[in-house]
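Residue-level structural notes
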Amino acid sequence: MSERRSAQANPDFRLRMSRGPMAVSRIEKARHPRHAIRRLLPYFGGHGWLLMGVVLLVLIYTLCGLTAPILIGKTIDEVIQTRSLHNLPRWALLMLGVFLVGNLAEAASGWLMAAISQRALQKLRRDLFEHLQTLPISFFDSHTVGEVMSRLTNDVDAINQAVSQNLVSLLASTLSLGGILIAMFVLNLWLALAAVVVVPLMFWFTDFIARYTRKGFRELQSSLGKLNGVMEEAISGLRVVKAFRRNESVLQNFRQENQAVYRAAVAANSYALLLMPLTNQLGNLFVIAIAGLGGWLALHQLVSVGMIATFISYARNFINPLRQLANLYNAIQAALAGAERVFEVIDIPSEETQSNGNLRVSEVRGEVTFRNVSFGYHPQKRVIKNFSLEAKAGQTIALVGPTGAGKTTLVNLLSRFYEVDEGCICLDGRDLRQIPKPELRRLLGIVLQDTFLFSTTVMENIRYGRLDASDDEVIQAAILAEADPFIRRLPHGYQTLLSERASNLSQGQRQMIAIARAILADPAILILDEATSSVDTRTEARIQKALLRLMQGRTSFVIAHRLRTIRDADVVVVIRDGEIVEMGKHQELLSRQGFYHHLYLSQFKGEAI
Amino acid sequence: MKHLIKLLPFLKPYWKKSLLSLLLLVVVVLLDLTIPRLVQRIIDQGILANDLSEVYRTFFLMLGISALDTLFAIGNNNTSVQVGESLARDLREALFVKMQSFSFGNLDRLQTGQWMVRLASDTSVVQRLVQITLRIGTRAPLIMLGSVILMYRTSRSLAILISPLMLVAIVLIVFFASRMGPLFLTLQQKLDRLNTVLQENIAGVRVVKAFVRAEHEAKRFAVTNEDYTERNIRVMQFLSTMGPSLSACLNAAIVVVIWGGGVQTVGGQVTPGQLVAFINYLQTAMGPLLIMVNLANVWAAAMASAERVNEILDQQPEVLDEPQAKPLPAEAQPRISFRGVRFRYNGSNDGMVLDGIDLDIEAGQTVAILGATGAGKTTLLHLIPRFYDVCEGSVRIDGYDVRELQQDSLLKQIAIVPQETILFSGTVRENIRYGRPQASDEEVVMAAKIAQAHDFILELPQGYDTHVEERGVNLSGGQKQRLAIARALLTRPSILLLDDSTSSVDVETEAKIQSGLRQWLKNRTCVMVAQRISTVLGADKIVVLEQGKIVAEGSHRELLQNSPVYQEIYASQLGDAQEVEIQHV
Ligand SMILES: Nc1ncnc2c1ncn2[C@@H]1O[C@H](COP(=O)(O)OP(=O)(O)OP(=O)(O)O)[C@@H](O)[C@H]1O
Ligand SMILES: Nc1ncnc2c1ncn2[C@@H]1O[C@H](COP(=O)(O)OP(=O)(O)OP(=O)(O)O)[C@@H](O)[C@H]1O
Ligand SMILES: [Mg+2]
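Residues numbered from 1 in each chain as written. Chains lettered and ligands numbered in written order. Predicted model: local features only at pLDDT ≥ 70, side-chain atom pairs only at ≥ 80, totals over all residues. Heavy atoms only, no water.

1. So, the site of ligand 2
Close to ligand 2 lie 21 residues; A:S506, A:G508, B:K377, B:T378 and B:T379 are nearest. Between ligand 2 and the protein, one listed contact pairs an oxygen atom with a backbone N or O atom of A:N504 at 3.4 Å. Between ligand 2 and the protein, one listed contact pairs an oxygen atom with a side-chain N or O atom of B:T379 at 2.4 Å. Summarising the interface, the protein chains cover 89% of the accessible area of ligand 2, which totals 630 Å² for the free molecule. Of all the secondary structure elements, the ones that give two or more residues to the shell around ligand 2 are α16 (507–521) of chain A together with α12 (377–383) of chain B. Split into classes, the residues belonging to the shell around ligand 2 amount to five nonpolar, 14 polar and two charged. (Near = heavy atom within 4 Å. Polar contact = N/O pair within 3.5 Å; in protein donor to acceptor, adjacent residues only side chain to side chain. Areas by Shrake-Rupley, 256 points an atom, 1.4 Å probe, with all protein chains shown as cover. Helix = DSSP H or I, 4+ residues; strand = E, 2+ residues; numbered from the N terminus. Nonpolar A, V, L, I, M, F, W, Y, C, P; charged D, E, K, R; others polar.)

2. Points about the nonpolar core
The biggest cluster of nonpolar side chains holds 188 residues, and the ones touching the most others in it are A:F286, A:V368, A:F370, A:I425, A:L427, A:F557 and B:L282. Per-element accounting of this core gives the leading share, 19 residues, to helix α10 (residues 305–346) of chain A. Setting aside its immediate chain neighbours within four residues, A:F286 contacts A:M184, A:A194, A:A195, A:V198, A:A315 and A:F318. Residues B:V126, B:Y434, B:A488 and B:Y570 belong to the second largest nonpolar core, which totals 137 residues. (Core = buried A, V, L, I, M, F, W, Y, C linked by side-chain atoms within 4.5 Å. Buried < 20%, exposed > 50% of the residue type's maximum accessible area, 1.4 Å probe, protein only. Contact = heavy atoms within 4.5 Å.)

3. Considering the pairing of strand β4 (residues 422–427) of chain A
Residues and elements named next belong to chain A. As paired elements, strand β1 (residues 368–375) and β4 share five bridges and run antiparallel to each other. Each bridged residue has a counterpart across the sheet, and for V368 the counterpart in β4 is L427. The turn joining β4 and strand β5 (residues 430–431), which pair antiparallel and follow one another in sequence, is formed by two residues; a positive phi near 50 degrees is taken by D428. (Pairing = 2+ DSSP bridges.)

4. Here's the deal with the site of ligand 1
In the vicinity of ligand 1 lie 24 residues, with A:G404, A:T408, A:T409, B:S476 and B:G478 positioned nearest. Around ligand 1, the neighbouring residues derive from chains A and B rather than from a single chain. At a separation of 3.1 Å, an oxygen atom of ligand 1 approaches a polar side-chain atom of A:E530. One nitrogen or oxygen atom from the side chain of B:Q479 is found 2.8 Å from an oxygen atom belonging to ligand 1. Notes on ligand 1: free accessible area 640 Å², of which the protein chains cover 92%.

5. Comments concerning the coordination of the magnesium ion (ligand 3)
The coordination sphere of the magnesium ion (ligand 3) contains the protein donors B:T378 (OG1) and B:Q419 (OE1), at a distance range of 1.9 to 2.2 Å. With B:T378 in helix α12 and B:Q419 in the loop between β6 (414–417) and β7 (426–427), this residue pair connects regions lying 41 residues apart in the sequence. (Donors = N, O, S within 2.8 Å, 3.2 Å for Na, K, Ca; no water.)

6. Some remarks on the packing of helix α9 (residues 247–299) of chain A against helix α2 (residues 15–47) of chain B
α2(B) packs onto α9(A) with a crossing angle of 5 degrees between their chain directions and a minimal axis gap of 10 Å. Here α9(A) is positioned roughly parallel relative to α2(B), judged by the angle of their axes. On the side of α9(A), the interface is formed by A:Q281, A:N284, A:V287, A:I288, A:A291, A:G292, A:G294, A:G295, A:A298 and A:L299, while α2(B) contributes B:D32, B:I35, B:V39, B:I42, B:G46 and B:I47. For the contact of α9(A) with α2(B), the per-class residue count stands at nine nonpolar, six polar and one charged. (Axes fitted to C-alpha atoms, helices over the stretch in contact; angles between N-to-C directions. Parallel < 35°, antiparallel > 145°, perpendicular 65-115°, else oblique.)

7. Section: the domain arrangement of chain B
Structurally, chain B comprises domain 1 (15–313) and domain 2 (419–492). Here the C-alpha centre of domain 2 of chain B lies 52 Å away from the C-alpha centre of domain 1 of chain B. (Domains from an automatic or database assignment.)

8. Remarks on the interface of chain B and chain A
If you look at the interface, chain B gives 192 residues, while chain A gives 186 residues. Interface area, chain B with chain A, both sides summed: about 17400 Å², of which 63% is carbon and sulfur. Between the two partners, chain B and chain A, sit nine salt bridges. Here A:R538 ties to B:E546 by a salt bridge, and the two come within 2.7 Å at their closest N and O atoms. The tally of links between chain B and chain A comes to 41 residue pairs in polar contact (both at pLDDT 80 or more). The biggest single contributor to the side of chain B that touches chain A is helix α9 (residues 214–267) of chain B, with 33 residues. (Buried area = accessible area lost by both parts, 1.4 Å probe. Salt bridge = Lys/Arg side-chain N within 4 Å of Asp/Glu carboxyl O.)

9. What to know about the packing of helix α7 (residues 156–203) of chain B against α9(B)
α9(B) packs onto α7(B) with a crossing angle of 170 degrees between their chain directions and a minimal axis gap of 9 Å. With respect to each other, α7(B) and α9(B) are oriented roughly antiparallel.

10. Points about the environment of A:M583
Residues and elements named next belong to chain A. Note on placement: M583 falls in strand β10 (residues 579–584). Measuring from C-alpha to C-alpha, the distance between M583 and V420 comes to 22 Å, with 163 residues separating the pair along the chain. With residues near it in sequence (within four places) discarded, M583 still touches L389, V571, V572, V573, L589 and R592.

11. Things to note about the pairing of strand β12 (residues 549–554) of chain B
Where a strand is regular, its side chains alternate between the two sheet faces. Across five bridges, the pairing between strand β11 (residues 541–546) of chain B and β12(B) is antiparallel. The residue bridging B:V543 from the neighbouring strand is B:E553, located in β12(B).

12. A look at the sheet that holds strand β4 (residues 392–397) of chain B
Residues and elements named next belong to chain B. One open sheet holds the four strands; their spatial order is β2-β1-β4-β5, and the pairing between them is antiparallel. A strand with exactly one partner marks an edge of an open sheet, and here the two such strands are β2 (354–361) and β5 (400–401). Here six bridges tie strand β1 (residues 336–343) to β2, and the two strands are oriented antiparallel to one another. Bridge assignment links R342 to a residue of β2, and that residue is D355.

13. Things to note about the packing of aromatic side chains
The description of two aromatic rings rests on the distance between their centres and on the angle between their planes. Residues and elements named next belong to chain A. One pass over the structure, following the stated rule, counts 21 aromatic pairs over all chains. Look at F139 and F140: their rings are 5.2 Å apart centre to centre, the planes differ by 90 degrees, and that puts the pair in the edge-to-face class. When its relative accessible area of 9% is taken as the criterion, F139 is described as buried. We classify F140 as buried; its relative accessible area is 12%. A centroid spacing of 5.1 Å and a plane angle of 85 degrees characterise the contact between Y377 and Y418, whose relative ring orientation is edge-to-face. With a gap of 41 residues between them, Y377 in the loop between β1 and β2 (384–391) and Y418 in the loop between α11 (407–414) and β4 connect regions that are remote in the sequence. Given a relative accessible area of 36%, Y377 falls into the partly exposed group. On the basis of relative accessibility, which here comes to 10%, the residue Y418 falls in the buried class. (Phe/Tyr/Trp six-rings, centres within 6.5 Å; stacked < 30°, edge-to-face > 60°.)

14. Here's the deal with the sheet that holds β10(A)
Residues and elements named next belong to chain A. Within the open sheet, the six strands sit side by side as β6-β7-β8-β3-β9-β10. Their pairing is mixed. Of all strands in the sheet, those bounded by a partner on one side alone are β6 (444–447) and β10. The sheet shows a mean angle of 15 degrees between the axes of neighbouring strands, direction not considered. Relative to strand β8 (residues 555–559), strand β3 (residues 396–400) is paired through four bridges, and the arrangement is parallel. Residue T396 lies in a different strand from β8, and its bridge partner there is S556. Across the face of the sheet, α16 comes into contact with β6 and β7 (525–529) while running at roughly 180 degrees to β6.

Written as structure tokens, this is what we have:
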């Protein structure tokens, strides 16, 4: 009757779905299992009574499973010995009752456990997701998308496997194993001795195999990781691979890793799947031992035939929980290791996220001061050095300078994606660090250098700037960003779905949508980081005119390499190597004949006018 | 099913091994099935007949059988693993090779995320089916069948007695099996959606933060999370009903057998040993029931996966070498000509992206393309290396239509700096060397110098050996672009295509790149898309593109005189050139 449960623990049948790229059942150990368990438990809290119910139900059905073979044996003995049918209906009905109660209890425990475990995992996923969002940008800089994804997919999945299927089985298996052993010893000491031989053998086997599989799977895991890497790059960079005719070498690389995965998989699985036939045979061995020993004992009148039947029934039921325990051991270890990695992320301190809502866009004047700011992505290398700048309310500040001078870095600091190492940045005289980040960012409208659009409709992409904006307002913003005409020419206009990375738009078109999105946000301070670098200059000029009107009286920061773009700025700040080299109005700077003048002139090099 | 059959050829190289595996399996099942028979023998002919030697004989016979059984089982195990993994490897490779053959048009329509899933999980789902079929998938039905036959032979009357219950079990199996497939498919869809939200949030984390949309995203995630959880609970409850109801069936059958068997034992038609064996067989027969239902699920999943795998394998690359395609001769002049070229992207319903382009680019010329956003500049550039095929007209290199050439030989002479910079994770040096891995270190430095990348590379923590992170996040925009330029230069092409490749580079650096290029471009043809007049000044010819048509063509001076569009562009950036000139003088 517990053959059935074995089907679920059978590794062939893990109901595994394609979660992340290439999930394998990771077999590894948690470093602090007890700690991981303690962290996981609260997720199941609040269901205390339900959990008690589950335990009770499991108890009931293991008890039922234990008594059934006894009833079978008793009935057979009675029929053989008394040769009368007098008690048969009673026994049979009793048996039926026990069986059915057992089945019902099992179904009920499954139902309850499904709800409890999935709700707990839902909470865990939610917590992890919400926490991820509070992590600082530097976390995402140092972790690949795949790595982070894997926490929410593979690791949570490992926990899922353990709690949803295996926790109940673990309880049931242990209970029935203990129960069967006790029952055997109570029923017949001699026959029970057969179990004494088989059980240690079994444990030794599983431990032996588990040790090998663990190693095998670890190797498989790492070769899969490599293959994944090769595939991910080859696929996401396929256009470049093609253009540079690297197909052959990429393919060769792939073949090599693919073969390595094959070899590791065969090795790991040959060991892992060995468990099944071996334990099967052990089960047979158990039956054989009982039959042989039982036969001898029966001939010496020490046991009855019914007792042999009972024991054979037990023997069949005995092997499965044992086999499961072996599988469970691995699954639970994997789950704990997964939990550990999940909590590792949850334990990374987050940026503060509370906002006390005491800053209104309308109340902000928009005075921004950088005071002796220094910053470096790595401690050894300063990118911004002793940078001071005062932007008066309503001014347009242009940041120009050679590539890699640190312009984007200043934006990163102003929006507090990174924190300054020294000095401070103030808004209306208040240190930015005293303003909650969400509060601060709500004041800013940022168009980032790397355009990121979501794969939904154009309409939703622009609306991302202000969620409660009406369709009309979205279209108005698109018109200001000069995006309206081309959007209308798209197959479904504003309802056109953008493909992944918006590859069905031209580069300039993507930027214009990002600008529309920032315009819609209606910010107190606008930051444009090379927002129109791929837009042609005529369109750019029109966008600028619109922005100028829009930003009347609001502070804006504009980074651009086309100097024409920044000619009308109130202050032009020339940055080189993280330092200000010049500052002033366009005309002033030109007449100063310094670096800016030099930059400006380089636009005309080669032109013979 | 037809999708799985289509994948059958992948199994062909391993048919001998598969057959061996199945044969071993049949032996294992047969041996397994003898055990209850022998237990019956011990009881009936040993114990009840009071024959100890029969007990011994049977006991050792069983031991022998069990040992043999183990050997065969291990053999089956190993062969099935080998077949399954070989198949998975071959499938992965076939998919990968197919993807590599895809042209840009195919790529536009597929999403990277989906590909990874297809390559990884869909192949393993198909593999699992094969492996299971070679093991438990065949074993379970065989054991059931064997047990039923043996039950019938052990006691026909008892077998008939429980046949109604067997029917009920079969109905239950069919019911569960038919429900399972769709249930899991929807679960998979919900999961896909959950993952999409997740991936977007991680990839777009800066935008989410910049617009303070954490709450909004959390809500979005909560919805998909709830959806998925609810569905998952339903699936699991379905599963936990399935098991007990099937075993209730089995248990009822046992009770019936004991009752009916008891009556018959007393009546003398059935021996006690037969009764025990019959129950034993019954348990062995019904045991695999649940496995059968799970098998249905494996089959359903495999069919769905096979369909998705085939979807890729069946796709034809849009751009394919003609059978009689010739290589582009190495000494071919880098002359490019467009004749009446019209082009539109697949799936876009509005007008042509390129509409009647006639353009001649002589060998050694540098031609600049200017035009509004979305005018079709990138598209035009992509037609030269035949990333897409024209809809009408032709693109020729030295008189050869690109469609008549082997694309590889064509690409050998062309290098492109794409508008969107894609770098690979690896060192700076590896990235520059990407187009010509055998290039020497000096050549790498030379290319970097022309691209004005050398200086900043030296300032990086480990110079040329600095690691470039995923998507180049540790480099500034202009730095990435210059690496891409160096990468293209290093391949020493005869045709260089630059797609707005200095948009994030400051004007001074750009001017330096330009003057370095001028030297390098001797005897080479260059087509560059640009926005800044300063970039195009040095070009032999400037082409102005508007909505897919060429509206002006000529040198800077000519255009400045005759082309109103060009004048407008000029005014939009250099309107005050004179003013500077005046101050300068
Ligand atoms: N996440 C990062 N980790 C480490 N170094 C970085 C990171 N981002 C930028 N840098 C380095 O910091 C320096 C300044 O980069 P930044 O992006 O601020 O330049 P920029 O002035 O915006 O240049 P561009 O005009 O090319 O965009 C560069 O040398 C760059 O390599
Ligand atoms: N892969 C694609 N699928 C469908 N439509 C596309 C695709 N790529 C570009 N388009 C459309 O074709 C038109 C021309 O695009 P293209 O990229 O050639 O413009 P462009 O002149 O290079 O613009 P930009 O200066 O902004 O880069 C645009 O309207 C764009 O929306
Ligand atoms: Mg373009």
